[in-house]
Amino acid sequence: SELIRGFLLSGMPCPSSCPPGLLALMAPGLALMAAFSLPSQAGDRRALPVEKPSGVKGRTLILLDVNTKSPVRIISENFLSLQLDPSIIHDGWLDFLSSRRLVTLARGLAPAFLRFAGKRTDFLQFHNVKNPAKSRGGPGPDYYLKNYEDDIVRSDIALDKQKGCKIAQHPDIMLELQREKAAQMHLVLLKEQFSNTYSNLTLTARSLDKLYNFADCSGLHLIFALNALRRNPNNSWNSSNALSLLKYSASKKYNISWELGNEPNNYRTLIGRSVNGSQLGKDYTQLRSLMQLIRTYSRAHLYGPNIGRPRKNVIAFLEGFMKVAGGTVDAVTWQHYYIDGRVAKVTDFLKTRLLDTLSDQIRKIQKVVNTYTPGKKIWLEGVGTTSAGGMNNLSDSYAAGFLWLNTLGLLASQGIDVVMRHSFLDHGHNHLVDQNFNPLPDYWLSLLYKRLIGPKVLAIHVAGLQRKPRPGRVIRDKLRIYAHCTSYHNHNYVRGSITLYIINLHRSRKKIKLAGTLRDKIVHQYLLQPYGKDGLHSKLVQLNGQPLTMVDDGTLPELKPRPLRAGRTLVIPPLTMSFYVVKNVNALACRYR
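Here we summarise the structure given alongside this text. These numbers come from a predicted model, not from an experiment.

1. Brief notes about the state of the cysteines
Here is step 1: A complete count under the given rule lists two disulfides for this structure.
Here is step 2: With its sulfur 2.5 Å from that of its partner, cysteine 165 forms a disulfide with cysteine 217. The disulfide joining cysteine 165 to cysteine 217 has a torsion of about -130° about its S-S bond and is therefore left-handed. Of the two residues, cysteine 165 is situated in the loop between α6 (148-160) and α7 (172-195) and cysteine 217 in helix α8 (residues 205-218); the sequence distance between them amounts to 52 residues.
Here is step 3: The disulfide partner of cysteine 485 is cysteine 590, and the S-S distance across this bridge is 2.0 Å. Handedness here is read from the sign of the S-S torsion; for cysteine 485 and cysteine 590, about -75°, the answer is left-handed. Of the two residues, cysteine 485 is situated in strand β17 (residues 479-486) and cysteine 590 in the segment after β25 (576-582); the sequence distance between them amounts to 105 residues.

2. A short note on α8
Because each turn of an α-helix spans 3.6 residues, side chains separated by three or four positions in sequence point in the same direction.
Here is step 1: The end-to-end C-alpha distance of α8, which contains 14 residues, comes to 20 Å, matching closely the 20 Å that a straight helix rising 1.5 Å per residue would cover.
Here is step 2: Counting buried residues in α8 gives 13 out of 14 residues, a clear majority hidden from the surface.

3. Thoughts on the pairing of strand β18 (residues 498-504)
Here is step 1: When you tally the buried positions in β18, you get seven out of seven residues, the bulk of the element.
Here is step 2: Of the two faces of β18, the one lined by Ile498, Leu500, Ile502 and Asn504 and the one lined by Thr499, Tyr501 and Ile503 are each fully buried.
Here is step 3: One ladder, built from seven bridges, connects β17 with β18; its direction is antiparallel. The partner of arginine 480 across the bridge, within β18, is isoleucine 503.
Here is step 4: Relative to β25, β18 runs antiparallel, the two sharing seven bridges. Directly across from threonine 499, in β25, lies its bridge partner valine 581.

4. Overview of the side chain of serine 446
Here is step 1: Relative to the helices and strands, serine 446 is located in helix α16 (residues 441-452).
Here is step 2: A residue is classified by how much of its surface remains accessible, and serine 446, at 0% relative accessible area, is buried.
Here is step 3: Residues in contact with serine 446, not counting those within four places in the same chain, are Leu80, Leu109, Trp404 and Leu432.

5. Side note on the pattern of salt bridges
Here is step 1: Enumeration according to the criterion identifies 16 salt bridges in this entry.
Here is step 2: As a salt-bridge pair, aspartate 360 and arginine 363 come within 4.0 Å of each other at their nearest N and O atoms. You can see aspartate 360 and its partner arginine 363 sitting in helix α14 (residues 357-372), three residues apart, about one turn around the helix.
Here is step 3: What makes aspartate 360 partly exposed here is its relative accessible area of 36%.

6. Quick word on the packing of aromatic side chains
Working definition: an aromatic ring pair is given by the centre-to-centre distance plus the angle between the planes.
Here is step 1: By the definition in use, this model includes 19 aromatic pairs.
Here is step 2: Centre to centre, the rings of tyrosine 501 and phenylalanine 579 are 5.8 Å apart; their planes meet at 25°, and the pair counts as stacked. In this pair, tyrosine 501 is assigned in strand β18 and phenylalanine 579 in strand β25, connecting sequence segments 78 residues apart. Side by side, tyrosine 501 and phenylalanine 579 carry an identical accessibility label, which is buried.
Here is step 3: In this arrangement the basic side chain of arginine 421 is found over the ring face of tryptophan 404, its NZ or CZ atom lying 5.0 Å from the centre.
Here is step 4: Of note, arginine 495 hangs over the ring of tyrosine 488, and the distance from its end group to the ring centre comes to 4.8 Å.

What counts, and where the lines are drawn
Residues numbered from 1 in each chain as written. Predicted model: local features only at pLDDT ≥ 70, side-chain atom pairs only at ≥ 80, totals over all residues. Heavy atoms only, no water. Disulfide = S-S within 2.5 Å. Helix = DSSP H or I, 4+ residues; strand = E, 2+ residues; numbered from the N terminus. Expected span 1.5 Å × (residues − 1). Buried < 20%, exposed > 50% of the residue type's maximum accessible area, 1.4 Å probe, protein only. Pairing = 2+ DSSP bridges. Contact = heavy atoms within 4.5 Å. Salt bridge = Lys/Arg side-chain N within 4 Å of Asp/Glu carboxyl O. Phe/Tyr/Trp six-rings, centres within 6.5 Å; stacked < 30°, edge-to-face > 60°. Lys NZ or Arg CZ within 6 Å of the ring centre and 35° of its normal.

Structure (structure tokens):
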């Protein structure tokens, strides 16, 4: 039996010298291999192997190979992108986007898009004045010092004197006052969110300058969502304010792409009257005509309609939009939040059924898009683990990373071109960076993804072997494996290398043996685990046992791998996320861009 097991684990055929009796004994084992060696696209959960039954001694060994000849999908270089909510105007954080620390953190995730949009998009008015401190409304001086706004003005003047990127080092007292202001404003924003009634926001020219400066200095391409709820009496879009913003941006030669509105299928709940898909399509056609009148934006990109979860009525909305404006937009967009942040528990982030809810949405969106504009790019915008601002120590913890990393793998494997994370910096607890400008676990996960994962998606092949299989017990849901060509921008690895990323939701470790083209290659491990006594609730993480923190405001830490010897079995600890770069595979799919 040990001889049989050795042949099976090695993946080698039985030599011609095998006695006939031995071949007969091997037949059941070979049949087992065939049953579970199902070729799949990266992330296909049906391809995952058998789990060891409880109470049975022995080990589950997973054999993993990757198709290195050609990619199954090629996604955008900006696949992992970011979003900023207009609420940062309300709570004052927009004034601090020039912070050296924030710019350093954003640069780490470049190249990417930066979408400026959210619930308050359709209550945003552009006002071409230069002094935001004197014109900005706000809570008043009862919880921050009287000279706070004057400090903002002085900071703006200092920035104006800089050439190129305008970077600031804000005094600690200034940041402390801002946190006090934001904490008070947070209560106001939450009240608006839960009541679904939003106050108007004013975006000044100065504020737009700061927003664009942040995007430009960080290597991000700004996508600005215009207010679609300014309506004429006949319910057509009133474009006067948008035209003012377009003209100002053009005068500054800002390189911006555009959208119109946010979740337009929900307008009835916001203002008591609806805008149907065909009307929004006409509004997009009108916006495209405006853009063509302004030389700077005559060839700029336009994205939409940014619908919500594709239920039956939302699908009808999308169909109406695509009939009218399917050829007008450069990519079709929608958004998704997994769970209600007000009721989330840590166990929610481990539910495989929840991880799979996105697949059905992707299929629904793809069906409509391919009916009207076959081959049109599809983007997922405004994705977050939880709605309603999230929950402290949950949606901003290590546990939320399981949903986030699986989202990235699932979307890439199914051909979604771009995904935008809500939000880079925000009120609530769904963000990548907190209000002390410290990166949270999902930031470090995103940084690893950016550094190691390229746009070419590869198919994986998985087989499982164990001594006493029990029919019907399958690992498939709780061990998720995705494969890409290693990022071309990472100069630590030669072209032709492959990166695997693995999510282990089991409460036991799993062992993976690399087979086929990956066999006997040197592997670099990047194992991300929670750091400290809070476990899955932790807001701190460690990479290969070393805590991750910024070196200083201008420097991210080196992400050091742990080299594994050639041919070594990969041991995946329970409840962890990890990346493995298989070096020098010389994969044909990965040699060229």
